[in-house]
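# Structure assessment
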Amino acid sequence: MTEHFTNISKIKYEGKDSKNPLAFKYYNPEEIVGGKTMKEQLRFTMSYWHTLTGEGQDPFGVGTMERPWTGEKDAMKLAKIRMEAAFEFMDKLGIDYFAFHDRDIAPEGKDLAETNKNLDEIVAYCKELMERYNKKLLWGTANMFSNPRFVHGAATTCNADVYAYAGAQVKKALEITKELGGENYVFWGGREGYETLLNTDMKLEQDNLARFFHMAVDYAKKIDFTGQFLIEPKPKEPTKHQYDFDVATVMAFLKKYDLDKYFKVNIEANHATLAGHTFQHEVALARINGILGSLDINQGDMLLGWDTDQFPTNIYDATLLMYEVFKNGGIAPGGLNFDAKVRRASFEAEDLFLGYIAGMDTLAKGLKVAHKLLQGGELEKFVEDRYKSFTEGIGKDIVEGKTNFEALEQYALNNSCIKNKSGRQEMLEAILNQYIFNE
Ligand code: XLS
Ligand code: NI
Ligand code: NI
């Protein structure tokens, strides 16, 4: 097969003293951390859209990316070249998984039937390449936000014809995800939200969204698709108010509509921060509620209020993320999907590799620090001690549900001296830093 990234060879682990930009300094795939190889722990995933189809447009200018396929006019030829390049890219970086939207991999045709035909042709090619390169599909999804027909949303549109189209699209996306052995299926509510309540029936839109999810669950059963369904929360962008605002909002929605048995969440770092949370908060909330499904890895910019989808380079955040992942017992069948893109000015093909290397090294280092942190156990010990009052006496009664307001009043009346202890935040932050500096 034609090589596309001709000036890049396989990226190797060279260790922390390496000065080679095209080498891993911390990500050593076969190294054991916490009983498993780094590769198994991290389950790195290539996002098809940012890596192969993104061209670097922004609201002020056209695409800037220089890619081996730039200039190819025939849409199906272009799709095939990108598919080959995708596998070469994963192979050179040693990434085992990929994730895609239906429209990333094959172009739309003149109507739905032709669009599905295009997909079938590319999916067959994809399957062949997956076998040849031994790569796996982490998740599939449907792009129901780019085409103008989705201007008012897809499963929350005001137009029943569009709703039907969206149903047909997800039906097909589920079929191809199953065909390629996808381990999950993601719903990110691209335009599922609203701009103004002056023209919106919020109740009907949310009820319809729930009906849509139930139909997806039913269809998955029918075709025996056993992958995990995931909802990816995001508070805003493209709509002013997205219905899947954050993990807590998604949880309430799933519960209300009896969908909680079927869905987990795919949490994205930049979406968490847009919602006014840390990534760690969102991941921890999902973990303690048993719905941590998968992760979209990136980082935003503190000074910008939108989804900049940058490659993650912040070691502090990476450590706290991996700390949660360990506490979750790992992330499988989810993974760490790089929903990240190179900056518009980083337009050379080589920048794609450099972006992934930066991200993979950061997460690898975060994994190692988090593992040491858990082994050290200072944080766990501190938290355990902090809540000690709930393991004996009145606290134990509270936790065991053996008390009531009258008994609490009696206790409080007899207890004339309440003492609190310091939360020691600064000390704990210093301990965390010490682990980061020393690892
Ligand atoms: C956009 C989302 C999108 C999903 C997949 O903000 O992150 O890329 O991950 O539809
Ligand atoms: Ni995402
Ligand atoms: Ni995003």
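What counts as what
- Residues numbered from 1 in each chain as written.
- Chains lettered and ligands numbered in written order.
- Predicted model: local features only at pLDDT ≥ 70, side-chain atom pairs only at ≥ 80, totals over all residues.
- Heavy atoms only, no water.
- UniProt positions renumbered as here; feature names shortened; annotations may be inferred.
- Helix = DSSP H or I, 4+ residues; strand = E, 2+ residues; numbered from the N terminus.
- Buried < 20%, exposed > 50% of the residue type's maximum accessible area, 1.4 Å probe, protein only.
- Contact = heavy atoms within 4.5 Å.
- Near = heavy atom within 4 Å.
- Polar contact = N/O pair within 3.5 Å; in protein donor to acceptor, adjacent residues only side chain to side chain.
- Nonpolar A, V, L, I, M, F, W, Y, C, P; charged D, E, K, R; others polar.
- Salt bridge = Lys/Arg side-chain N within 4 Å of Asp/Glu carboxyl O.
- Donors = N, O, S within 2.8 Å, 3.2 Å for Na, K, Ca; no water.
- Tetrahedral: all angles 85-135°; square planar, octahedral: opposite > 155°, others 65-115°.
- Lys, Arg positive; Asp, Glu negative; His and termini not counted.
- Pairing = 2+ DSSP bridges.
- Right-handed = clockwise from strand over helix to strand, strands pointing away.
- Axes fitted to C-alpha atoms, helices over the stretch in contact; angles between N-to-C directions.
- Phe/Tyr/Trp six-rings, centres within 6.5 Å; stacked < 30°, edge-to-face > 60°.

Glancing now at the UniProt feature "binding site: Mg(2+) 1" (unreviewed entry) in the protein chain. In the numbering used here, UniProt assigns the feature "binding site: Mg(2+) 1" (unreviewed entry) to Glu232, Glu268, Asp296 and Asp339. Look at the named residues: they lie 108 residues apart in sequence, but the longest C-alpha span between them is just 11.8 Å, so in the fold they bunch up. The residue Glu232 is located in strand S10 (residues 228-232) in this model. With relative accessibility at 3%, the residue Glu232 sits in the buried group. Excluding anything up to four places from it in sequence, Glu232 contacts Trp139, Val186, Phe187, Trp188, Asp244, Asn266, Glu268, His271, Asp296 and Asp339.

Another point: the site of ligand 1. All residues in the neighbourhood of ligand 1 are listed as Trp49, His101, Trp139, Trp188, Glu232, Lys234, Glu268, His271, Asp296, Asp307 and Asp339. In the model, an oxygen atom of ligand 1 is placed 3.3 Å from a nitrogen or oxygen of the Trp49 side chain. A distance of 2.7 Å is found between an oxygen atom of ligand 1 and a side-chain nitrogen or oxygen belonging to His101. Of the residues contributing to the shell around ligand 1, the split by class is 3 nonpolar, 2 polar and 6 charged.

A separate point is the pattern of salt bridges. Applying the stated criterion across every chain, the model contains 28 salt bridges. We note a salt bridge from Arg132 to Glu128, for which the minimum N-O separation is 3.2 Å. Residue Arg132 and its partner Glu128 are both found in helix H5 (residues 112-133); the two are separated by 4 residues, about one turn of the helix. Note that Glu400 and Lys396 form a salt bridge whose closest N and O atoms lie 3.8 Å from each other. One connected set of salt bridges, linked through shared partners, spans Glu31, Lys368, Lys372 and Glu439.

The coordination sphere of the nickel ion (ligand 2) contains the protein donors Glu232 (OE), Glu268 (OE), Asp296 (OD) and Asp339 (OD), at a distance range of 2.0 to 2.1 Å. Classification of the site at the nickel ion (ligand 2) as octahedral follows from its 6 donor atoms and the range of 80 to 173° in their angles at the metal. Between the nickel ion (ligand 2) and the nickel ion (ligand 3) the interatomic distance amounts to 3.9 Å, and Glu268 serves as a bridging ligand to the pair. One end of the pair, Glu232, is in strand S10; the other, Asp296, is in strand S13 (residues 292-297), with 64 residues separating them in the sequence. A relative accessible area of 0% means that Asp296 is categorised as buried.

You can see Asp246 is positioned in the loop between strand S11 (241-242) and helix H8 (247-256). One buried charged residue, Asp246, remains without a salt bridge, the closest side chain of opposite sign being Lys236 at 12 Å. Residues within four places of Asp246 in sequence aside, it is in contact with Pro233, Ala275, His277 and Glu282.

Once that is clear, we can look at the pairing of strand S8 (residues 184-188). A large share of S8 lies buried, amounting to 5 of its 5 residues. Side chains Asn184, Val186 and Trp188 of S8 all project onto a buried face; the interleaved residues Tyr185 and Phe187 project onto the opposite face, where all are buried too. Bridge count for strand S7 (residues 136-141) against S8 is 2 bridges, and the pairing is parallel. Across the sheet, residue Trp139 finds its bridge partner in S8, namely Asn184. Read from S7 through helix H6 (residues 160-179) to S8, the crossover connection turns out right-handed. Relative to S10, S8 is paired through 5 bridges, and the arrangement is parallel. Along S10, the bridge assignment pairs Tyr185 with Phe229.

This part is about the sheet that holds S7. Read around the closed barrel, 8 strands run S5-S6-S7-S8-S10-S12-S13-S14, paired in parallel fashion. Sheet twist, expressed as the mean angle between neighbouring strand axes with direction ignored, is 30°. One ladder, built from 4 bridges, connects strand S12 (residues 263-268) with S13; its direction is parallel. Bridge assignment links Glu268 to a residue of S13, and that residue is Asp296.

To continue, consider the side chain of Lys25. Inspection of the secondary structure assignment puts Lys25 in the loop between strand S2 (23-24) and strand S3 (32-33). Although Lys25 is buried, it forms no salt bridge, and the closest oppositely charged side chain is Asp361 at an N-O distance of 4.6 Å. Within the structure, the side chain of Lys25 is placed 3.0 Å from the backbone oxygen of Asn20, a separation counted as a polar contact. Aside from chain neighbours lying at most four places away, what touches Lys25 is Tyr13, Gly15, Lys16, Ser18, Asn20 and Asp361.

Bringing the packing of aromatic side chains into the picture now. Here the structure, examined in full by the defined rule, presents 29 aromatic pairs. For the ring pair Phe87 and Phe98, a centre distance of 5.6 Å and an interplane angle of 70° mean the geometry is edge-to-face. Residue Phe87 is located in helix H3 (residues 75-93), and its partner Phe98 is located in strand S6 (residues 97-101); the two are separated by 11 residues in the primary sequence. A network of ring pairs unites the aromatic residues Phe5, Phe24, Tyr27, Phe44, Trp69, Phe89, Phe311, Phe338, Phe353 and Tyr356 as a single cluster.

Moving on to the UniProt feature "binding site: Mg(2+) 2" (unreviewed entry) in the protein chain. Cross-referencing UniProt, the feature "binding site: Mg(2+) 2" (unreviewed entry) maps to Glu268, His271, Asp307 and Asp309 in the present numbering. These annotated residues cover 42 residues of sequence, but their C-alpha atoms sit close together, with the largest distance between any two at 10.0 Å. Here Glu268 lies in strand S12. Glu268 has contacts with Glu232, Phe279, Asp296, Asn298, Asp307, Asp309 and Asp339, leaving out every residue within four places of it along the chain. Along the polypeptide, Asp309 turns up in the loop between S13 and helix H11 (315-327). Those residues in contact with Asp309, other than ones at most four positions away along the chain, are His50, Glu268, Asn270, Asn298, Gln299, Asp339, Ala340, Lys341 and Arg343.

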